[in-house]
Amino acid sequence: MGRYILMRLAGVVGVLIAVSFITFMLMKAIPSGPFDMMGVQANKAIPDQLKRQLEAKYGLDQPVFMQYLLFVRNAVKLDFGYSFYYQGQTIAQIFQNQWPYSIQLGLLTMGFSILIGMGLGILAAMKQGTFFDYLGTAISLFCLAMPSFVLALLLQIVFAIKLGWVPTGGWDSPKQWILPVLANSLGPVLVLQRYTRASMVDVMRSNYVRTAKAKGLTEQRVTFIHIFKNALTPIVTVGGPMLAGLITGSFFVESIFRIPGIGQFWVTAIQNRDYPLIMATTLAWTAIISITYLITDLVYAVIDPRVTYVKEK
Amino acid sequence: MDELLLEINNLQTEFKLNQGTVHAVNGVSFKLNKGEVLGIVGESGCGKSVTALSVMRLIEAPGRIKAGEMLFHGEKGVTDLLKLSPTDMEQVRGNQMSMIFQDPMTSLNPVLTIGYQIMEPLKIHRKMAEEQAQATAVKLLERVGIPEAALRLKDYPHQFSGGMRQRVMVAMAVACSPRLLIADEPTTALDVTIQAQIIDLINELKDEFGTAVIIITHDLGVVAEIANQVSVMYAGYVVENGPVQQIFEAPRHPYTKALMGSIPRLHSWPERLTTIEGAPPSLTDRIVGCPFQPRCQFRIERCASENPGLMPIATGHTCACWVAGHE
Amino acid sequence: MPETLLQTVDLVKSFPIRRGFFSQHHFRLVAVDRVNLTIRQGETLGLVGESGCGKSTLGLTIMQLYEPTSGSVIFDGQELTSMGGGEMQKKRRQMQMIFQDPLAALDPRMTVEEILREPMDIHRVGTVTERGTEVTRLLKVTGMPSDAALRFPTEFSGGQQQRIGIARALALQPKLLICDEPVSALDVSVQAQILNLLRDLQDQFGLTYLFISHNIAVTGFMSQRIGVMYLGQMVEIGPSQVIVRESRHPYTNALLKAVPEPEPKRKRLKRSLLGDVPSPIDRPSGCPFHPRCPIAEDRCQVEAPAMREIGRTMPWRVI
Amino acid sequence: MAVSATTLTPAKVKKSSSLGMAWRRFLSRKWAVAAGIFILLEIMIAIFAPVIAPYDPYYSDYTATYQKPNAKYLLGTDDMGRDVLSRIIYGTRVSYSVGVLSQVCIVIIGLPIGAIAGLIGGWVDYVTMRVIDVLSSIPGMLLYILLMVALGGGSGNVFQALSNIILAMSLTGWIGIARLVRGQVLSLKESDFVRAARSMGADNTWIIKTHILRNALTPVVISMTLGVPGAMFGEAGLSFLGLGIAPPTPSWGQMIGIYQSFARTWPHLILYPALVLAVTMLAWILLGDGVRDALDPNIRM
């Protein structure tokens, strides 16, 4: 088991190196550097000499490959340096300040979509062919067809602007959480509803559930002891990585509802060519996602005794 | 001496699908005495498994038991199983009657331990406490021939071979000493040497526990070996019913005869095997007349219009055939 | 005595397997272990054994669909194992195969006509019209309706699908047919039809069969000789009558005793063979059957007995 | 069953092809057919946009800004007095070019890679799979945005912007197809009917040509149809963020993005492009489901 986890972690490191390289090179391929963008924003071009000084300060005058090695050397120490754009702030500070918003939004979305998505999925599976089943299908179809930013805007227009029930944005009070969470949970609800229903139905048809019924167990016992645990495996497989995506923030929802989360920062970072911030965010996301894959696989082994990462004998 | 245990009258089960209604069981009747073994044989799609599931009332939507009577002589007198409430039926299932299924590889819950699964009926029906249930489970596992039973309680099904899993299924089924054990193709998925072990096991246990057995199989050999009574099914009907000796040595229904002739045997090799031309009727169609009539070489005019139904032709031997019945 | 059509000499097929996710240890699963057999022109050799005994792997290895690990396969006087790809493909015309799952063996996107033409298309037999006529003939020979040609395999019953498989195998007029459990997916009455058909076709076209089945009664009905396999090894081989009536190997005996017979009078007493078939990965030392053998001695644990001739049968030596 | 066995002679029976059968199955699904018709209509609209659109989508009538829907401007006008309906009609071109072309490019890249990995196996397969592993560890939208910016984004002319979007999508989207095709090829390689073909003496070329391509293509087609709405969503999202199609060329997502700032006072501006986008995505999803059901050979007639 320990050996397996170590091997997997080594894999994660490999992925991180590859991803950092790809991102770094892509970033360097982006036309115009960070200080051009500053000039654009300040509405005046930065003098060439000053630009060169700045570039030298941040090591941007060196060959690209050297820059990359430099970056790796610092990154190993988890030192991503200062943001080019948010003057005087280290990347670590930006993460510390902004990421909690995204995490909070993600966790709320997670809770909400598990409740709704899995609830609807279980209901649909238990009451196949009834109103609940069709309701679930309708909701999942809606989630599939409705882009999250469109729903976010529509919700904002209707509930914040027209009805004025909730504020249009911000993240200070629970009232402001409602709409972003709703908009953000489109995808997760869809995936969870579909997979829960499918996997429950699958398990319900299995021979061992018939065996359980033949033993004279009550409906509830069959559902919660014999069906649910088995149905969980495929749900965890898709749900894990999807939920990881949630805590990495959402560009759309964060920007529409003016939540100062990391997703919004990343998009602005790209627009501003804020290299250190782009690199750090990308790497952090990749790490989170890779580790979630690993955790998902481990959870898998907890749920299903057939899955084992321990070498036989 | 022949004490009646189960009497099925005119059982009808159907499945409503988009393509039409599948009439899987069309008025099956049979009787089973205490301690007896009834073999139900037939080819795939003849309704034998649906009959078994109907007796257990395990038919699920879109299927339903349309009509019939299932009189079960239980501990508290005679009850019609079809009239029991779902909760009352749960008390019967796994307790007074239990079932073994075809595929041992998928019939045990993969995420629960063997011990948990065996103890489940003991705790529910016999209201046993944990330790008592555990002790009983160990005894049961030992009885069905699982070595180191006490240690294996904590194991999961995937750690057992197919034959061993079927033994666990048997142990689970007899846990509450049921009056009736239904075995649906219990050996089909197993290799012959393992199959033989399981048949022996069921044979021994039925005497030990005083259990009557209904064994559903397509394998005439298995029936010959274990059953006292045989029902032959075709297209949802029972076409012949009788003591095993008579059915095998002097089958009367043309279908039974053809079926007997179609199996290759170890000790006699004919030049050709008997075959039946054509295919069984579609179960979505309403069958008029004898269901076997289109494929029957002895058919008479009457067969096309009138279903013969089971008629007695010898003591305890009934046969649904206009020709054979009037020989 | 008719000439030998197929012969295998010490044929071995083993597969490398990995255990665990990152395990460096490679195991070898020996699926077919030094099998020697001969099939004469026009006869049927039956192969029986329980699942995992290597009988199907043996069939596929003879067909060269699995590359043999060692040993040789001599077909029609020619060594197959050393044959080049192109040459082997031509040779395949003379040996064809019928599979256990009839539907899986037919491409779901092809009509029956396309399926039956495929072998002729591959080997460019005859003109396009001739191939069409041949398709009609094949359907007739195998008892299929003539309008079947334009339909898809899923539209047919299991028995008919198997007939399509047989028709395809006959398209190139092969000498040898390897039938790998051709009837085990079928109902008894359909099984009888297919078995009769196979025997008719054998008489009609002088075919030679290697008939693989787990059902010893079916094998007995089909074959002149039977070979019994256990854990990759041939443990006994001989004329069907002899194998069934007076087999010498304890495994064959146990197998025969285990078969339930549709004759209530013959109710056998308690069967002797205990335990499960061991995994082919952890094969017992010595004679592979010794852990389950009722007459095993100490010697069986260390020494693997060799095949020797006993009268007309050739069982393994049981000490 | 379609034809009775006795009444027709083979010569007269219309040859049933797998495509014909799939077509009949497709037609039996009403929702999918409706979606198909809707999509055909939109494609016509995209092609004949200049004929259909009541106004020039680029023309600003500064005397008539922020008009509510009325008889003259069916869906009203925007901040610059441009006709919203005409802009939506022209936006169809962007959505469909991106939706359909990106899927074509994805297949062109992904299919051969997946097929080669699956067919050759060994180290080729190993390397391909590791590359795919790495790429799929980066969140899709992230890589996509990064690529988009690196390619120069939506600046420059429309074709440049479109081709950038499609390229960025293809460079990230091929992974899915490659994985799918590889999996298909691997399972087909092991299938009984390929084994049967081999036993008949078929060589690799024959097997790939007659069995593997034919059977592996179906899931590719299904995935293409189901991928279109995803690509449309991607374009809309990018344009919404201002990283996709740059104004004045209209795109649904970009319209939503721009009109967002007037949402407080002129919410109707967002409503129409949003509605069209959602309905179009729904139509493609329904069509994709229909195509999947129709092409899946495991479903009997």
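Residues numbered from 1 in each chain as written. Chains lettered and ligands numbered in written order. Predicted model: local features only at pLDDT ≥ 70, side-chain atom pairs only at ≥ 80, totals over all residues. Heavy atoms only, no water.

Student: Any details on the overall build of chain B? Residues and values, ideally.
Tutor: Each helix and strand counted, chain B has 12 helices and 12 strands in total. Relative to the globule expectation of 20 Å for 327 residues, the C-alpha radius of gyration of chain B, 20 Å, shows essentially globular dimensions. Overall size of chain B, expressed as C-alpha extent along the three principal axes, is 65 × 50 × 45 Å. The buried share of chain B, reckoned over its 327 residues, is 59%. Contacts spanning at least 24 positions in sequence make up 64% of the contacts within chain B whose residues lie at least 6 apart. Side-chain charges of chain B comprise 29 positive and 36 negative groups, with the mean position of each set lying 4 Å from the other. (Helix = DSSP H or I, 4+ residues; strand = E, 2+ residues; numbered from the N terminus. Rg over C-alpha atoms; globule rule 2.2 N^0.38 Å. Buried < 20%, exposed > 50% of the residue type's maximum accessible area, 1.4 Å probe, protein only. Contact = heavy atoms within 4.5 Å. Lys, Arg positive; Asp, Glu negative; His and termini not counted. Charge placed at Lys NZ, Arg CZ, Asp CG, Glu CD.)

Student: Describe the overall build of chain D, and please don't skip the residues or the numbers.
Tutor: A count of helical and extended segments in chain D gives 11 helices and 0 strands. Along its sequence from the N terminus, chain D presents helices and strands in the succession α-α-α-α-α-α-α-α-α-α-α. Over its C-alpha atoms, taken along the principal directions, chain D stretches across nearly 80 × 55 × 25 Å. Out of the 301 residues in chain D, the part that is buried amounts to 53%. Across chain D, the fraction of contacts at a sequence separation of at least 24, relative to all contacts at a separation of at least 6, is 70%. Split by element, the accessible area of chain D, about 13300 Å² in all, is 69% carbon and sulfur. (Areas by Shrake-Rupley, 256 points an atom, 1.4 Å probe, with all protein chains shown as cover.)

Student: For the state of the cysteines, give the residues involved together with the corresponding values.
Tutor: Applying the stated criterion to the full structure yields 0 disulfides over all chains. Unpaired in terms of disulfides, C:Cys300 finds its nearest cysteine sulfur in C:Cys287, a separation of 5.9 Å. (Disulfide = S-S within 2.5 Å.)

Student: Break down the interface of chain B and chain A for me, citing the residues and quoting the values.
Tutor: On the chain A side, the residues contacting the 28 residues of chain B number 20 residues. Together chain B and chain A conceal approximately 2100 Å² of surface at their shared face, both sides included; 57% is due to carbon and sulfur atoms. The partner of A:Arg221 in a salt bridge is B:Glu120, and the shortest N-O contact between them spans 3.2 Å. Here chain B and chain A share 14 residue pairs in polar contact (both at pLDDT 80 or more) between them. Here the side of chain B that touches chain A takes 6 residues from helix α3 (residues 114-125) of chain B, the largest share from any one element. (Buried area = accessible area lost by both parts, 1.4 Å probe. Salt bridge = Lys/Arg side-chain N within 4 Å of Asp/Glu carboxyl O. Polar contact = N/O pair within 3.5 Å; in protein donor to acceptor, adjacent residues only side chain to side chain.)

Student: Which residues make up the pattern of salt bridges, and what values do they have?
Tutor: Evaluated as defined, the whole model comprises 39 salt bridges over all chains. Note that B:Arg265 is salt-bridged to C:Glu263, the shortest N-O span being 3.5 Å. Highlighted residues: B:Arg265 in the loop between α10 (254-262) and α11 (301-305) and C:Glu263 in the loop between α9 (250-258) and α10 (298-302), drawn from two different chains. Residue class for B:Arg265 comes out buried when judged on its relative accessible area of 16%. With a shortest N-O distance of 3.3 Å, B:Arg302 and B:Glu306 are connected by a salt bridge. Taken together, the shared-partner salt bridges connect B:Glu14, B:Lys16, B:Arg64 and B:Lys66 into one network.

Student: A description of the confidence of the model for chain D should follow, citing residues and the corresponding values.
Tutor: Residue and element names in this part refer to chain D. Here chain D shows a mean pLDDT of 81. Residues at 70 or above account for 91%. Confidence scores differ between elements of chain D, with helix α1 (residues 18-27) showing the lowest mean pLDDT of 77 and helix α8 (residues 192-199) the highest of 90. Low pLDDT, under 50, characterises residues 1-15; the stretch is placed with 12 contacts to residues that sit more than four places away or in other chains. Confidence estimates for the predicted assembly give a pTM of 0.84 and an ipTM of 0.82. (pLDDT = per-residue confidence, 0-100.)

Student: Give me the lowdown on the side chain of D:Thr128, citing residues and values where you can.
Tutor: Residues and elements named next belong to chain D. By the element assignment, Thr-128 lies in helix α5 (residues 122-137). On the basis of relative accessibility, which here comes to 14%, the residue Thr-128 falls in the buried class. If sequence neighbours within four positions are ignored, Thr-128 has contacts with Ile-113 and Ala-117.

Student: Before we move on, can you summarise the domain arrangement of chain B with the specific residues and values?
Tutor: Residue and element names in this part refer to chain B. Taken domain by domain, chain B holds domain 1 (4-227) and domain 2 (237-319). Distance between the C-alpha centres of domain 1 and domain 2: 27 Å. Across the boundary between the two partners, domain 1 contributes 16 residues, which contact 14 residues of domain 2. Considering only the side of domain 1, the residues that lose the most area to domain 2 are His-23, Asn-26 and Leu-220, jointly responsible for 40% of the buried surface there. Here domain 1 is connected to domain 2 by 0 salt bridges. (Domains from an automatic or database assignment.)

Student: Outline the packing of aromatic side chains, listing residues and values.
Tutor: The tally for this structure, following the rule as stated, stands at 23 aromatic pairs over all chains. When the centroid spacing of 5.8 Å and the interplanar angle of 35° are considered together, the rings of A:Phe24 and A:Phe71 count as tilted. Of the two residues, A:Phe24 is situated in helix α1 (residues 2-29) and A:Phe71 in helix α4 (residues 64-76); the sequence distance between them amounts to 47 residues. When sorted by exposure, A:Phe24 lands in the same class as A:Phe71, which is buried. Ring geometry for C:Phe15 and C:Tyr66: centres 5.2 Å apart, planes at 85°, overall edge-to-face. Separated by 51 residues along the polypeptide, C:Phe15 in strand β1 (residues 4-18) and C:Tyr66 in the loop between α1 (55-62) and β4 (70-75) bring together distant segments of the chain. Under the relative-accessibility criterion, C:Phe15 is labelled partly exposed at 23%. The side chain of C:Lys13 reaches across the aromatic face of C:Phe15, ending 5.0 Å from its centre. (Phe/Tyr/Trp six-rings, centres within 6.5 Å; stacked < 30°, edge-to-face > 60°. Lys NZ or Arg CZ within 6 Å of the ring centre and 35° of its normal.)

Student: Quick rundown of helix α11 (residues 268-295) of chain D? Include the residues and the values.
Tutor: Its 28 residues give α11(D) an end-to-end C-alpha distance of 41 Å, which sits within 8% of 40 Å, the value for a rise of 1.5 Å per residue. With 20 of its 28 residues buried, α11(D) lies for the most part within the structure. (Expected span 1.5 Å × (residues − 1).)

Student: If you had to explain the sheet that holds strand β7 (residues 180-184) of chain B to someone new, which residues and values would you point to?
Tutor: Residue and element names in this part refer to chain B. Ordered by their spatial adjacency, 8 strands build an open sheet running β6-β7-β8-β3-β9-β10-β12-β11, and the pairing between neighbours is mixed. Each end of this open sheet is capped by a strand with a single partner; those strands are β6 (97-100) and β11 (311-314). Ignoring which end each strand starts from, the neighbouring axes of this sheet average 20° apart. For strand β3 (residues 37-41) and strand β8 (residues 212-217), the ladder comprises 5 bridges, and the chain directions are parallel. From the neighbouring strand, Leu-38 faces β8, where its bridge partner is Ile-214. (Pairing = 2+ DSSP bridges. Axes fitted to C-alpha atoms, helices over the stretch in contact; angles between N-to-C directions.)

Student: Describe α4(A), listing the residues and the values that go with them.
Tutor: All names here are of chain A. For α4, with 13 residues, the first-to-last C-alpha span of 18 Å sits near the 18 Å given by 1.5 Å per residue. For α4, the elements touching its buried residues are α1 and α14 (275-303). Phi for Leu-78, located one or two positions after α4, is positive at around 60°.

Student: Break down the interface of chain C and chain B for me, with residues and values.
Tutor: Each side of the interface is counted separately: chain C has 42 residues, and chain B has 42 residues. Summed over both partners, the interface of chain C with chain B comes to about 3900 Å²; 53% of that surface belongs to carbon and sulfur atoms. Looking at the side of chain C facing chain B, the largest losses of area belong to C:Val188, C:Pro262 and C:Pro264, adding up to 15% of the total buried there. If you look at where chain C meets chain B, you find 3 salt bridges. Between C:Arg199 and B:Glu271 there is a salt bridge whose closest N-O contact spans 3.6 Å. At the boundary of chain C with chain B, the tally comes to 12 residue pairs in polar contact (both at pLDDT 80 or more). Those elements giving two or more residues to the side of chain C that touches chain B turn out to be α6 (188-205), α7 (216-222), α8 (240-246) and α9 of chain C.

Student: Can you lay out the sheet that holds strand β4 (residues 63-74) of chain B for me, pointing to particular residues and giving the numbers?
Tutor: Strand pairing in a sheet takes place through backbone hydrogen bonds and is either antiparallel or parallel in direction. Residue and element names in this part refer to chain B. Strand order in the open sheet made by the 4 strands is β2-β1-β4-β5, with antiparallel pairing throughout. In the strand order of this sheet, the two ends are held by β2 (20-33) and β5 (77-80), each with one partner. Mean inter-strand twist for the sheet, computed between neighbouring axes without regard to direction, equals 5°. With 4 bridges connecting them, β4 and β5 associate as antiparallel partners. Each bridged residue has a counterpart across the sheet, and for His-73 the counterpart in β5 is Val-78. Across the sheet, helix α1 (residues 48-55) lies against β1 (4-17), β2 and β4, angled at about 115° from β1, the strand it touches most.

Student: Break down the side chain of D:Ser251 for me, citing the residues and quoting the values.
Tutor: All names here are of chain D. Mapped onto the secondary structure, Ser-251 falls in the loop between α9 (204-241) and α10 (252-259). In this structure the side chain of Ser-251 is engaged in a polar contact, spanning 2.6 Å, whose partner is the side chain of Glu-235. Contacts of Ser-251, omitting those with residues within four sequence positions, involve Gly-91, Val-94, Glu-235, Ser-239 and Ile-245.

Student: Describe unusual backbone geometry, naming the residues involved and giving the relevant values.
Tutor: Here the phi dihedral of A:Arg258 falls at roughly 50°; this positive angle occurs in a residue that is not glycine. Looking at the element boundaries, A:Arg258 is found in the loop between α12 (251-256) and α13 (262-271).

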